[in-house]
Amino acid sequence: MLFILAVCIAVGTILYVYSETAPSSQTNIPVDIPVLTEPEYEDAETPEAVTSVENYEFSVSSDGDSESYVRSYSWTFAERNQTITVSIPVEYYDYYRNKSHSGKDFDHYALSEDDRTFLGKMIDSFKEQGEKYNFTDDQNVLNIISFVQAMPYTSDDVTTGYDEYPRYPIETLVDGGGDCEDSAILAAALLLEMGYGVVLLELPGHMALGVAGSENISGTYYEYEGSRYYYVETTASGYKFGEIPAEYQNAAVKICTMNPMPSMSIQLRADLVGTDLDYAYYKIQCDITNRGPTTAHNVYAVILAESEPFDMTRVWAQSDAIYVGTMADEATGWAEYTVQVPRRNQTRFSCVVYGDNFNADYSYTRVIFIS
């Protein structure tokens, strides 16, 4: 489609051309928006291992005016007893608890950047344990998987009162466990923090983790974009790397990739603010929401009044690039511009949004006739 070519094929400067010479004049303007490629994660070679669960403990601590949830988890890996204690501020947990949980883009939960510092500290603790016991890099990965497998399985309606309630990693840690999607998301977030390639595997009524590995590993795997992702069961101990429960061996699998680029939601409002003999004037407001999972950097918007063939190649009017700013996950912003459209013609209003670290996106209104 011409629109796709106009928006996506080139990296360039948005052109601003507007003709005031005649009511019927049109301008041929290709809208060229920079498009970035998705970052790639390093593949990991991971051998087999067996894990088992010991227990976990729960408490709340208070330090002055702030309170924290304290969780201690114990599990067995490589015939060694492992323990880790996490302390999470109550306000930090409440922040995630109050975020929207309606989206089914499960990678967003694993990629939320607000918890990267905390997860990084957890990874440091795992590495310290690895140094203590002379674990290899692969064993460090398996130790993290063991930790997640050690967490109790709890259904959503028991712990939250909601069915199909995906948790952010911080919530799973504080809640003391979760269901299959929660444990898979937590494991994915931790392994991503270590730089390993992972995907989420959606099966009928179930979710598991896929970890990138080399061809010399045995076990069940799924090929995606030239890499092998080995099945990892995160809901119970005792499962080996690449071992899949019998009921899912022939099941259809949807691979959910980890896409760290922000996703932008765009809504348009067009208000007629005036007319004269030749022109109609519309104020166009573009409301932009960053749906996450990460901060959108240097967000710009371009507002257009298109003419036929309505494929982003011909316009009656076009704004300059309007700077919206840097937008955190779930942040909102807006851009506004008044367009001048010749009367007795058709138009539709559009808004293209782009930035440093996400693909250009757009929204448009229905075609209207300017009488």
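Each remark here, short or long, concerns the structure printed above.
This structure is a prediction, so every number in the text was calculated from the model and none was measured.

**Student:** What should I look at first to understand the overall build of the chain in this one?
**Tutor:** Of the regular secondary structure elements, the chain holds 8 helices and 18 strands. Taking all 371 residues of the chain together, 50% fall into the buried category. Of the contacts formed within the chain by residues at least 6 apart in sequence, a portion of 64% connects residues at least 24 apart. Of the roughly 17200 Å² that the chain leaves accessible, carbon and sulfur atoms contribute 45%.

**Student:** It is not clear to me how the pairing of strand β5 (residues 198-203) should be interpreted in this structure. Could you clarify?
**Tutor:** Both faces of the sheet carry side chains from a regular strand, because those side chains alternate between them. A large share of β5 lies buried, amounting to 5 of its 6 residues. The pairing of β5 with strand β6 (residues 206-213) spans 6 bridges and is antiparallel. Residue pairing for β6: Leu203 is matched across the bridge by His206. Connecting β5 to the antiparallel partner β6 that follows it, the hairpin turn spans 2 residues, and Gly205 within it adopts a positive phi of roughly 70 degrees. Two strands pair when backbone bridges link them, and β5 and strand β9 (residues 254-257) are joined in this way by 4 bridges, in the antiparallel orientation. Pairing of Val199 across the sheet is with Thr257, part of β9.

**Student:** Sorry if this is basic, but what is going on with the sheet that holds β9 here?
**Tutor:** The pairing of strands in a sheet happens through backbone hydrogen bonds and is either parallel or antiparallel. Pairing in this open sheet of 5 strands is antiparallel, and the strands run β7-β8-β6-β5-β9 from one edge to the other. What marks the edges here is a single partner per strand, and that holds for β7 (221-224) and β9. Adjacent strand axes in the sheet meet at a mean angle of 35 degrees when their direction is disregarded. Sheet topology places β7 next to strand β8 (residues 227-232); 4 bridges connect them, and they run antiparallel. Across the sheet, Tyr222 pairs through a bridge with Tyr229, a residue of β8. Against the sheet, helix α8 (residues 180-193) makes contact with β5 and β6, and its axis sits at roughly 20 degrees relative to β6, the strand it touches most.

**Student:** Hey, could you run me through the pattern of salt bridges in this one?
**Tutor:** On inspection of all chains with the given rule, the structure shows 12 salt bridges. Where Asp115 meets Arg116, a salt bridge forms, and the shortest distance between an N and an O atom there is 3.7 Å. Like Arg116, Asp115 is buried. Across the pair Arg116 and Glu193 runs a salt bridge, and its minimum N-O distance is 3.0 Å. On the criterion of sequence distance, the pair formed by Arg116 in helix α4 (residues 116-132) and Glu193 in helix α8 is long-range, its members being 77 residues apart. Using a relative accessible area of 17% as the deciding quantity, one classes Arg116 as buried. Under the relative-accessibility criterion, Glu193 is labelled partly exposed at 30%. Salt bridges sharing partners connect three or more residues here, namely Arg97, Arg167, Glu171, Asp175 and Asp182.

**Student:** Explanation requested: unusual backbone geometry in the structure shown.
**Tutor:** Here the bond from Gly292 into Pro293 is cis, since omega is 10 degrees, no more than 30 degrees from zero. Its location among the elements puts Pro293 in the loop between β11 (279-290) and β12 (296-306). Following Glu308, the chain continues to Pro309 via a peptide bond in cis, the omega torsion being 15 degrees. In this structure, Pro309 sits in the loop between β12 and β13 (314-318). Phi at Asn134 is positive, roughly 60 degrees, even though this residue is not glycine. Note that Asn134 resides in the loop between α4 and α5 (137-150). Judged by its relative accessible area of 66%, Asn134 falls in the exposed class. Positive phi is not limited to glycine here, since Phe310 has a value of about 60 degrees. Mapping Phe310 onto the fold places it in the loop between β12 and β13. Judged by its relative accessible area of 16%, Phe310 falls in the buried class.

Rules used throughout
- Residues numbered from 1 in each chain as written.
- Predicted model: local features only at pLDDT ≥ 70, side-chain atom pairs only at ≥ 80, totals over all residues.
- Heavy atoms only, no water.
- Helix = DSSP H or I, 4+ residues; strand = E, 2+ residues; numbered from the N terminus.
- Buried < 20%, exposed > 50% of the residue type's maximum accessible area, 1.4 Å probe, protein only.
- Contact = heavy atoms within 4.5 Å.
- Areas by Shrake-Rupley, 256 points an atom, 1.4 Å probe, with all protein chains shown as cover.
- Pairing = 2+ DSSP bridges.
- Axes fitted to C-alpha atoms, helices over the stretch in contact; angles between N-to-C directions.
- Salt bridge = Lys/Arg side-chain N within 4 Å of Asp/Glu carboxyl O.

Purely spatial values, then, with no claim about function.
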